[in-house]
Amino acid sequence: MSLVILYILVPFVAALIASFWVFPKILRISLKNNIVDNPNARKLQRVPVPVLGGMVVQFGILVALCVCQLFVDCSSLFTVVLAMSIMLYVGTMDDILNISANVRFVLEILVALMIIYTCDYSLDSLHGLWGIYDLSPYVSVPLTIVTVVGIVNAINLIDGVDGYSSGYCIMACLIFGFLFLMNGDESMVMLAVVCVASLIPFFLHNVFGRASKMFIGDGGTLLMGCVMSIFVLNVLKSDTLCVLYCEWGIGLVPLALAILCIPVFDTVRVMTMRMLRKTSPFHADKTHLHHLFIEMGFSHIGTTVSILTLNCLVVLGWYISYKCGLSVDAQLYVVIALSMLVTVVLYYGMRYCGKQDWAIYRLMQRIGKNTHVERKGLFLLLQNIIDRKFLAPSPVLDTESADSEVFK
């Protein structure tokens, strides 16, 4: 019980209070200094919206870890937090100064190298996948760089509708946190808990807020992308405590890929198609999975819930394959097949059905229409509760719709 209090309850409460407390202050700073995302032809919001949500999340994480340091030793997370802070800084500078994709890409590689050589995290084992265990540094270092940079950009690119990126990260942190809790990795449990608690206030303001709406920005998505990569590397490194799961027949690589399936597979699909069209893989467009749901008439929260449900179904599919006694290799193939089904097949299949005006597409449109909730009743009550901490509402934020996030 004492371990639960020290590693779960205390950090959760500290991060939650800190994030709720700092949110209106960061919001005012963003407005006062005009650090906002301005509307244009590619974006859905009708008015400028602040983009410093990542600072709220990082503040909650730092405060909670400092509080916990009074009771437990959190020093093992110092270099991890440093890497997260660098990614937050890079993303925030991108939000403000619009850093070029090449510069940001180089900075992400440098952070990946820091994670490898200072945090001692690397993808140096496949834990029996295809009969492969330990990997040489000549393979593990490049593979780790690709993994970190890939995950960071995958999380960044799903920041397209209200609540999606923060909702996904909450879901992923809960799953990873449970894995670390079961194997006794207290530091990673604590990191997962403080991330969840720090994201909750932002998620509520982002989804239900009107006067207090703020986007998480590139700073927040790069920060959380770094966290997700740390979790994945902690699961897959050769000396991980998660190696216990391998004795039970659990495929660690398939499991990690299942948790990250939609961000990873959707990003690979989008970037591949961009390169086939001979455009930059970082060139923004409207070809992500969440764009499909929006085009079918889903609300932002409806899109978020639908995609997170699909991701959870892939994780469930992996779990069923494990419980059926499939080998690690077979578990991976199941995850890949399901991931392709809910990203590539779903995206192009529904696009084709829409062009043919088939009944299944019209059914999806009817479902999507039912996901729109007017700002009245419970929704309005939640809005008033969420907005009350923003004491000086500005007409700049008085959007006419909750569906006002940026399309990446």
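Residues numbered from 1 in each chain as written. Predicted model: local features only at pLDDT ≥ 70, side-chain atom pairs only at ≥ 80, totals over all residues. Heavy atoms only, no water.

Colleague: So, the overall build of the protein: which residues are in play, and what are the values?
Modeller: From N to C terminus, the protein includes 16 helices and two strands. Here the protein has a C-alpha radius of gyration of 21 Å; the compact-globule value for 408 residues is 22 Å, and the two agree. Expressed as lengths along the three principal axes of its C-alpha atoms, the size of the protein is roughly 60 × 55 × 45 Å. Partitioning the contacts of the protein with sequence separation of at least 6, the portion at a separation of at least 24 is 78%. Only carbon and sulfur atoms are counted for the fraction: they give 69% of the accessible area of the protein, which is about 17400 Å². Between the centroid of the 26 positive side chains of the protein and the centroid of its 26 negative side chains there is a distance of 12 Å. (Helix = DSSP H or I, 4+ residues; strand = E, 2+ residues; numbered from the N terminus. Rg over C-alpha atoms; globule rule 2.2 N^0.38 Å. Contact = heavy atoms within 4.5 Å. Areas by Shrake-Rupley, 256 points an atom, 1.4 Å probe, with all protein chains shown as cover. Lys, Arg positive; Asp, Glu negative; His and termini not counted. Charge placed at Lys NZ, Arg CZ, Asp CG, Glu CD.)

Colleague: So what's going on with the environment of Leu6? Which residues, and what values?
Modeller: Tracing the sequence through the fold places Leu6 in helix H1 (residues 2-32). A C-alpha to C-alpha distance of 7.3 Å links Leu6 and Cys68, two positions 62 residues apart in sequence.

Colleague: Give a description of the nonpolar core that names residues and reports values.
Modeller: Counting residues in hydrophobic clusters, the biggest one holds 125 residues, and the most contacted among them are Ile115, Tyr168, Phe176, Met224, Met228 and Phe231. When residues no more than four places from it in sequence are discounted, the contact partners of Met228 are Ile151, Ile155, Cys169, Ala172, Cys173, Phe176 and Leu260. (Core = buried A, V, L, I, M, F, W, Y, C linked by side-chain atoms within 4.5 Å. Buried < 20%, exposed > 50% of the residue type's maximum accessible area, 1.4 Å probe, protein only.)

Colleague: Describe unusual backbone geometry, with residues and values.
Modeller: We note that Asn34 has phi near 55°; this positive angle belongs to a residue other than glycine. Checked against the element boundaries, Asn34 lands in the loop between H1 and strand S1 (36-37). For Asp357, which is not glycine, the phi dihedral falls at a positive 55°. Overall, Asp357 belongs to the partly exposed group, its relative accessible area being 45%.

Colleague: Account for the pattern of salt bridges, with residues named and values stated.
Modeller: Summed over the entire model, instances satisfying the criterion amount to nine salt bridges. Of the charged contacts in the structure, one is a salt bridge between Glu108 and Arg104, with a shortest N-O distance of 3.5 Å. Of this pair, Glu108 and Arg104 both sit in helix H4 (residues 101-117), four residues apart, roughly one helical turn. Pair check on accessibility: Glu108 and Arg104 agree, each one buried. (Salt bridge = Lys/Arg side-chain N within 4 Å of Asp/Glu carboxyl O.)

Colleague: Tell me about the confidence of the model for the protein, and please be specific about residues and values.
Modeller: On average, residues of the protein score 89 in pLDDT, and 91% of them reach the 70 mark or higher. Contacts for the low-pLDDT stretch residues 391-408, under 50 throughout, to residues beyond four places or in other chains number 74 contacts. (pLDDT = per-residue confidence, 0-100.)

Colleague: Please provide a residue-by-residue account of the packing of helix H3 (residues 78-97) against H4, values included.
Modeller: For the pair H3 and H4, interaxial distance at closest approach is 10 Å and the crossing angle is 175°. Judged by the inter-axis angle, H3 sits roughly antiparallel to H4. Listed contacts from H4 to Thr79, Leu82, Ala83, Ile86, Met87, Val90 and Asp94 of H3 are Arg104, Leu107, Glu108, Val111, Met114 and Ile115. (Axes fitted to C-alpha atoms, helices over the stretch in contact; angles between N-to-C directions. Parallel < 35°, antiparallel > 145°, perpendicular 65-115°, else oblique.)

Colleague: Summarise the packing of aromatic side chains; cite the residues concerned and give the values.
Modeller: Enumeration over the complete set of coordinates arrives at 11 aromatic pairs. With a centroid separation of 5.1 Å and an interplanar angle of 85°, the aromatic rings of Phe293 and Phe298 are classed as edge-to-face. One exposure class covers both Phe293 and Phe298, and it is buried. Ring-pair connections join several aromatic residues into one group, and the members of that group are Phe176, Phe180 and Phe231. Over the face of the ring belonging to Tyr347 we find Arg269, whose NZ or CZ atom lies 3.9 Å from the ring centre. (Phe/Tyr/Trp six-rings, centres within 6.5 Å; stacked < 30°, edge-to-face > 60°. Lys NZ or Arg CZ within 6 Å of the ring centre and 35° of its normal.)

Colleague: Explain the side chain of Thr371 residue by residue, including any values.
Modeller: Tracing the sequence through the fold places Thr371 in the loop between helix H15 (359-369) and helix H16 (378-387). Relative accessible area serves as the criterion here: at 18%, Thr371 is assigned to the buried category.

Colleague: Outline the environment of Val373, supporting the account with residue identities and numerical values.
Modeller: Following the sequence through the fold, Val373 ends up in the loop between H15 and H16. Placed 156 residues apart in sequence, Val373 and Gly217 show a C-alpha to C-alpha distance of 25 Å.

Colleague: So what's going on with helix H14 (residues 328-356)? Which residues, and what values?
Modeller: With 29 residues, H14 extends 40 Å from end C-alpha to end C-alpha; this agrees with the ideal 42 Å at 1.5 Å per step. Its maximal kink placed at Leu346, H14 deviates by approximately 40°. Listed as buried for H14 are Val328, Ala330, Gln331, Leu332, Val335, Ser339, Val342, Thr343, Tyr347, Met350 and Cys353. On its buried face, H14 is in contact with helix H10 (252-259), helix H11 (261-276), helix H12 (289-295), helix H13 (300-323) and H15. Positioned one or two residues after H14, Asp357 has a phi angle of 55°, which is positive. (Expected span 1.5 Å × (residues − 1). Bend = angle between axes of the 7 residues up to and from the residue.)

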